[in-house]
Amino acid sequence: MTAAAVAPLLEWYEAEKRDLPWRHTRDPYRIWVSEVMLQQTRVEAVRGYYARFLEALPDVRALAAAEETVYLKLWEGLGYYSRARNLHRAAVVVCEEFGGRFPEDHKALLSLPGIGDYTAGAVASIAFGARVPAVDGNVLRVVTRLLNDGRPITDPKVKADLRGKVAGIVPADAPGAFNQALMELGATVCVPNGAPRCGSCPLMHLCEGYHLGTAAGLPVKAAKKPRRIEPRTVFLLRCGGKAALRRRPPKGLLGGLWELPSADGELSPAQAGALLAEWGLQTGQLLSLRPAKHIFSHVEWHMTGYYADCAAPAEGFAWAAPEQLREEYALPSAFRPFLSVL
Ligand code: SF4
């Protein structure tokens, strides 16, 4: 990467950057929360979550002291729940080992649970002015296009090499603005899935991908394995106006989170009835619910749904009133389509 990119990039960022809530602070806690929320989630979707999370848990001590039910509820619908659990674990470490102050050093930040190279770089540069890069997918796209680099960014060696190229030009006097500017360019101008908006790009004069006409095909990624399709059967079971919930097994997909009771496979009404009896539930007639799909990163659930009224609340389930479902229990969005009948 050429250092000639720095000045036009910073100038463009100053003039064009979006007004986002986490850009008004240098508080490492707030920056960290925003960066973790923004992983695999759109900016517009994050805004509301960010405001609610910080209102309830305004600093790292509040997060460290929070119950799991509280921070998972605040995370409900954002997905990738391990991010929320790691956020909490890291907050505990910051309080117990660093006296409640975020470590400023990039290496120490990397030692916190759930903080990878990108997040450590973002927090260190934006909150503390450290001269380190923060290379996410947006930045990799911009850099491969600028350099017309056709190597696969899915290869960790290629990624490390590109990170090194960015590191070489991070300006000492504005590392946070520089990192954010590269990300912003990737998010708003050098966009994925189609033609980049080169006509609006402050780096067009330096961009090999633009001059060679290769930009839209970059970056190159190794082919992904197709997602595994998993059929499931989900039950909306009601007793006295309350719905049955159950904890998922601690390991695996949505580990330890609440779910509507569910089972592997697409069960016929007869099989579903037999399973409910096995669970100790006496139910009235089973009604079919509209099937639903949910896409995770490596798996797709294709879900069959049944509704049943139960004669009595059986053991092994939590029974939640509608307001408890709204306010207390964090239910992953995979199950939400089946709640619409309530
Ligand atoms: Fe991306 Fe086009 Fe700018 Fe190159 S000129 S960095 S391809 S937007």
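Our subject in this report is the structure included herewith.

### Let's talk about the overall build of the protein chain
Regarding its fold elements, the protein chain presents 14 helices and 7 strands. Along the longest, intermediate and shortest principal axes, the C-alpha atoms of the protein chain span 75 × 50 × 35 Å. Considering the protein chain as a whole, with its 342 residues, one finds that 50% of them fall into the buried category. A separation of at least 24 residues holds for 67% of the contacts in the protein chain among residues at least 6 apart in sequence. Summed over all atoms, the accessible surface of the protein chain reaches about 16,700 Å², with 52% contributed by carbon and sulfur. On the protein chain, the mean spot of the 40 positive side-chain charges and the mean spot of the 35 negative ones are 4 Å from each other.

### Overview of the pattern of salt bridges
This structure, assessed with the given rule, holds 18 salt bridges. Two residues, Lys-165 and Asp-161, come together in a salt bridge whose shortest N-O distance is 3.0 Å. Taken together, the residues Lys-165 and Asp-161, both in helix α10 (residues 156-167) and 4 residues apart, mark about one turn of the helix. You can call Lys-165 partly exposed: its relative accessible area is 32%.

### What to know about the site of the ligand
The ligand sits among Arg-145, Val-189, Cys-190, Pro-196, Cys-198, Cys-201, Met-204, Cys-207, Tyr-210 and Ala-215. Placement of the ligand is best described as lying within the largest cavity. Split by residue class, the shell around the ligand holds 9 nonpolar, no polar and 1 charged.

### A short note on the environment of Gly-284
Tracing the sequence through the fold places Gly-284 in the loop between α13 (269-278) and β5 (287-295). Once the C-alpha coordinates of Gly-284 and Ala-308 are considered, the two residues, 24 residues apart in sequence, prove to be 6.1 Å apart.

### Concerning the pairing of strand β1 (residues 228-239)
As judged from the 11 bridges shared by β1 and strand β6 (residues 299-309), these two strands associate in the parallel manner. By the bridge assignment, Leu-236 is partnered in β6 with Tyr-307. Here 3 bridges tie β1 to strand β4 (residues 262-264), and the two strands are oriented antiparallel to one another. Of the residues in β4, the one forming a bridge with Val-234 is Ser-262. When β1 meets strand β2 (residues 242-247), the two strands line up antiparallel, connected through 2 bridges. Considered in β2, the bridge of Arg-238 is made with Ala-243. The antiparallel hairpin formed by β1 and β2 contains 2 residues in its connecting segment, where Gly-240 sits at a positive phi of about 55°.

### Some thoughts on the nonpolar core
Formed by 98 residues in total, the largest nonpolar core has its most connected members in Tyr-29, Trp-32 and Phe-53. The residues touching Phe-53, leaving out its near neighbours within four places in the chain, are Tyr-29, Val-33, Met-37, Leu-63, Tyr-71, Leu-74, Trp-75 and Leu-87. Listed in part, the 18 residues of the second largest apolar core include Phe-235, Ala-244, Ala-272 and Trp-279.

### Brief notes about the side chain of Arg-246
Residue position: Arg-246 is located in strand β2. One polar contact links the side chain of Arg-246 to the main-chain carbonyl oxygen of Ser-262, over a distance of 2.9 Å. Residues contacting Arg-246, with those up to four places away along its chain left out, are Leu-257, Trp-258, Glu-259, Pro-261, Ser-262, Trp-279, Gly-316 and Phe-317.

### Things to note about the environment of Asn-86
Position of Asn-86 relative to the elements: it lies in helix α6 (residues 82-97). Linking Asn-86 and Gly-305, residues 219 residues apart in sequence, is a C-alpha distance of 32 Å. Asn-86 has contacts with Pro-113 and Gly-114, leaving out every residue within four places of it along the chain.

### Examining the packing of helix α1 (residues 6-16) against helix α11 (residues 175-188)
Between α1 and α11, the shortest axis-to-axis distance is 9 Å and the interhelical angle comes to 70°. Classified by the angle between their axes, α1 and α11 sit roughly perpendicular to one another. Each of Val-6, Leu-9, Leu-10, Trp-12, Tyr-13 and Glu-16 in α1 lies in contact with α11, whose residues at this interface are Ala-177, Phe-178, Gln-180, Ala-181, Leu-182, Glu-184, Leu-185 and Thr-188. Residue composition of the contact of α1 with α11, by class: 10 nonpolar, 2 polar and 2 charged.

### Thoughts on the layout of surface pockets
The method is simple in principle: a probe with the dimensions of a water molecule rolls over the atoms, and the space it marks as empty is what remains. The space that makes up the largest pocket amounts to roughly 2,000 Å³. Contributions of two or more residues to the lining of the largest pocket are made by α2 (28-38), α8 (117-128), α9 (137-147), α10 and α11. In terms of residue class, the lining of the largest pocket is made up of 21 nonpolar, 15 polar and 14 charged. Of the voids in this model, the second largest pocket is the one considered here, and its volume is about 520 Å³. Looking at the second largest pocket, it is lined by 24 residues, and the ones nearest its centre are Gly-79, Tyr-80, Tyr-81, Leu-254 and Phe-296. If you list the elements that add at least two residues to the lining of the second largest pocket, you get α6 and β5. Residue composition of the lining of the second largest pocket, grouped by class: 12 nonpolar, 11 polar and 1 charged.

Conventions and cut-offs
Residues numbered from 1 in each chain as written. Predicted model: local features only at pLDDT ≥ 70, side-chain atom pairs only at ≥ 80, totals over all residues. Heavy atoms only, no water. Helix = DSSP H or I, 4+ residues; strand = E, 2+ residues; numbered from the N terminus. Buried < 20%, exposed > 50% of the residue type's maximum accessible area, 1.4 Å probe, protein only. Contact = heavy atoms within 4.5 Å. Areas by Shrake-Rupley, 256 points an atom, 1.4 Å probe, with all protein chains shown as cover. Lys, Arg positive; Asp, Glu negative; His and termini not counted. Charge placed at Lys NZ, Arg CZ, Asp CG, Glu CD. Salt bridge = Lys/Arg side-chain N within 4 Å of Asp/Glu carboxyl O. Near = heavy atom within 4 Å. 1 Å grid on protein atoms, 1.4 Å probe; cavity = no way out; pocket = protein on both sides within 12 Å on 5 of 7 lines; lining within 4 Å. Sits in = over half its atoms within 2 Å of the grid points. Nonpolar A, V, L, I, M, F, W, Y, C, P; charged D, E, K, R; others polar. Pairing = 2+ DSSP bridges. Core = buried A, V, L, I, M, F, W, Y, C linked by side-chain atoms within 4.5 Å. Polar contact = N/O pair within 3.5 Å; in protein donor to acceptor, adjacent residues only side chain to side chain. Axes fitted to C-alpha atoms, helices over the stretch in contact; angles between N-to-C directions. Parallel < 35°, antiparallel > 145°, perpendicular 65-115°, else oblique. Points joined across faces, edges and corners; volume = space filled by probe spheres on them.

These figures capture arrangement, not role.
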